[in-house]
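So you can see what is in the structure, the chains are spelled out below.
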Protein chains: 2
Amino acid sequence: MMSESTPNGERQPRAGKSLKAQQRRQEILRIAMDTFAARGYNNASLQEIADRAGVTQAGVLHYFRSKAQLLTSVLDLRDATDIEQLGPDRPRGLAFLRHLVDTVRRNTEREGIVRLYAVLSAESVTEGHPAQDYFRDRYTGLRTFVTDALAEACELGETRPDLDLEDAANAIIAVMDGLQIQWLLAPDSVDMAASTERAINALLGGLADKPDQQRSEAL
Amino acid sequence: MMSESTPNGERQPRAGKSLKAQQRRQEILRIAMDTFAARGYNNASLQEIADRAGVTQAGVLHYFRSKAQLLTSVLDLRDATDIEQLGPDRPRGLAFLRHLVDTVRRNTEREGIVRLYAVLSAESVTEGHPAQDYFRDRYTGLRTFVTDALAEACELGETRPDLDLEDAANAIIAVMDGLQIQWLLAPDSVDMAASTERAINALLGGLADKPDQQRSEAL
DNA sequence: AAGGGCTTACTAAGTACTTAGTAAGTGTGC
DNA sequence: GCACACTTACTAAGTACTTAGTAAGCCCTT
């Protein structure tokens, strides 16, 4: 189990002493996640979250000193791709990419989380959004993970810091994100896992058989 | 030149008689676009748009009968990918895919439009968002366009309604959308055009040399 | 060519409501 | 008896949208 300390710098108001309070806090967090997922950050209100949790608006602010801090707490709570919590003995190379596809497949059963990250990541690019740093860091981390995995999978050796590799990594991350929005709007028209797998395979193929700069002159 | 009639069903308040009024209307539209792009729909206010346009809030509502209708008018105004306005003699097959990449490249110089579509498409999946229908339709159309182009590019003949083809098309659309968010958060870490081109090439290669169901067992 | 009647293009002021956040108080359990 | 976990009561600011009014212009008849 994960310890309770949030990596988040802002201090919480004194909360979490009694067991009941800790449970309440957790419950508010869960409900806030659902609400932010369904309505976005700006359109969700503390009032609505409080109502759903069965407390007053001020009750929510007893546990989280501001709406923005509630959001960052929700985001710290768990990661949509489960990558960061894999730990140091995480899978490498091909196995990592397979893990990505598995995560996408599992996400088909977790619409709430998909919604949360799809909506908030895009909303975060607006002026002064409180989750901007979170997502910037998140993408930086993901980029490194995927780039490394690609290099390992192709057994290129880590000698050359390959720009093509980064482009491919970005494309893989992008395809996962982009599919989420399409899937949320029209679940029956999109097979997230199949499309992701196909894209990763294709990109991997393109990288593998190209030590010389000849190929891929299709366009 | 495009005619002034909006495909949008809702009738506007009687507006646009005099030339000056038409210009004012256009100006409000332009400013609304910027504002929605910078702040999202929910967080943008009529007041802010009005202030920037140098009229009162009610002045804006003279031209657009509601905030929601202002948004749909903005979206009707122009399409980010320029696809719909290609007309019936649009490029086909490979040429169409090349056009997609060109559009992405051009978008690097139009951050406002990228922002508008990236933010709003994700925001639109939230409960009761006024742009939901717009984006649902938009993706449906895009899917058809790209699927057709892929089929033409591979010269598969349109005999079999290929599921793989749809998956690949969705992946291509997704990669373009997903890259936008990454690019908006960290422009220096993302080469939208290069990543898009690489992904399309890779997916195209994967489709071309696979009439039998053997290949792509990498994962 | 002047004036009546109508429309357009707004503004100022308000309605009715929601927002995040605060300050002070209350009841309960240790 | 006192700290914790809240609630009640509130504020100040903002929200979309309405209402009522006005200045200016256009068109048609006389």
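Residues numbered from 1 in each chain as written. Chains lettered and ligands numbered in written order. Predicted model: local features only at pLDDT ≥ 70, side-chain atom pairs only at ≥ 80, totals over all residues. Heavy atoms only, no water.

Asks: Explain the packing of aromatic side chains to me, please; I cannot follow it from the model alone.
Replies: The description of an aromatic ring pair uses the distance of the two centres, along with the angle that the planes make with each other. Following the criterion strictly, the structure yields 8 aromatic pairs over all chains and no others. Ring centres of Y117(A) and F135(A) lie 6.2 Å apart, and the angle between their planes is 80 degrees; on these two criteria the pair is classed as edge-to-face. Remark: F135(A) occurs in helix 7 (residues 132-154) and Y117(A) occurs in helix 6 (residues 111-123); sequence separation between them is 18 residues. Ring centres of Y134(B) and F135(B) lie 5.1 Å apart, and the angle between their planes is 90 degrees; this geometry places the pair in the edge-to-face category. Three or more aromatic residues link up through ring pairs in this structure, and these residues are Y117(A), Y134(A) and F135(A). A cation over a ring is seen here: K67(A) above Y41(A), with NZ or CZ 4.5 Å from the ring centre. (Phe/Tyr/Trp six-rings, centres within 6.5 Å; stacked < 30°, edge-to-face > 60°. Helix = DSSP H or I, 4+ residues; strand = E, 2+ residues; numbered from the N terminus. Lys NZ or Arg CZ within 6 Å of the ring centre and 35° of its normal.)

Asks: I keep staring at the interface of chain B and chain A and nothing clicks. Help me out?
Replies: By convention, interface size is frequently given as the accessible area that disappears when the constituent parts associate. Taken together, the contact between chain B and chain A spans 58 residues of the former and 57 residues of the latter. When chain B packs against chain A, the two sides together hide about 4900 Å² of surface, and 61% of this comes from carbon and sulfur. Taken together, the links from chain B to chain A amount to 4 salt bridges. R198(A) is the salt-bridge partner of D164(B), the closest N and O atoms lying 3.3 Å from each other. Where chain B touches chain A, the interface holds 18 residue pairs in polar contact (both at pLDDT 80 or more). Elements that contribute at least two residues to the side of chain B that touches chain A include exactly helix 1 (19-43), helix 5 (93-107), helix 6 (111-123), helix 7 (132-154), helix 8 (163-185) and helix 9 (192-208) of chain B. (Contact = heavy atoms within 4.5 Å. Buried area = accessible area lost by both parts, 1.4 Å probe. Salt bridge = Lys/Arg side-chain N within 4 Å of Asp/Glu carboxyl O. Polar contact = N/O pair within 3.5 Å; in protein donor to acceptor, adjacent residues only side chain to side chain.)

Asks: Explain the relation of the copies chain B and chain A here, please?
Replies: The two chain copies are connected by a rotation around an axis plus a translation along it. Mapping chain B onto chain A is achieved by rotating through 180 degrees and translating by 0.0 Å along the same axis, at an RMSD of 0.1 Å. On this basis, the relationship between the two copies can be described by a two-fold rotation axis. Comparing interface residues between copies, 98% of those in chain B also sit at the interface in chain A, which points to an isologous, same-surface contact. (Least-squares fit on C-alpha atoms with pLDDT ≥ 70 in both.)

Asks: Sorry, what's going on with the pattern of salt bridges here?
Replies: Pairing between side chains of opposite charge can happen when their charged atoms approach one another. Going through the model one piece at a time under the given rule, you end up with 16 salt bridges over all chains. Connected through salt bridges with shared partners, the residues R39(A), E48(A), R52(A) and E127(B) form a single ionic network.

Asks: How should I be thinking about the protein's contact with DNA strand D in this particular structure?
Replies: The immediate surroundings of DNA strand D are formed by 19 residues, with A21(A), T56(A), Y63(A), Q57(B) and K67(B) found nearest. For DNA strand D, the fraction of protein-proximal atoms (within 4 Å) that sit in sugar or phosphate groups is 64%. In this structure, R24(A) approaches DNA strand D through a side-chain N or O atom, which is 3.2 Å from a phosphate oxygen. With respect to DNA strand D, the backbone of K67(B) contributes an N or O atom lying 3.0 Å from a phosphate oxygen. Mapped by element, the contributors of at least two residues to the surface near DNA strand D are helix 1 (19-43) and helix 3 (57-63) of chain A together with helix 3 (57-63) of chain B. Among the elements that take part in the surface near DNA strand D, helix 3 of chain A stands out by supplying 4 residues, more than any other. (Near = heavy atom within 4 Å.)

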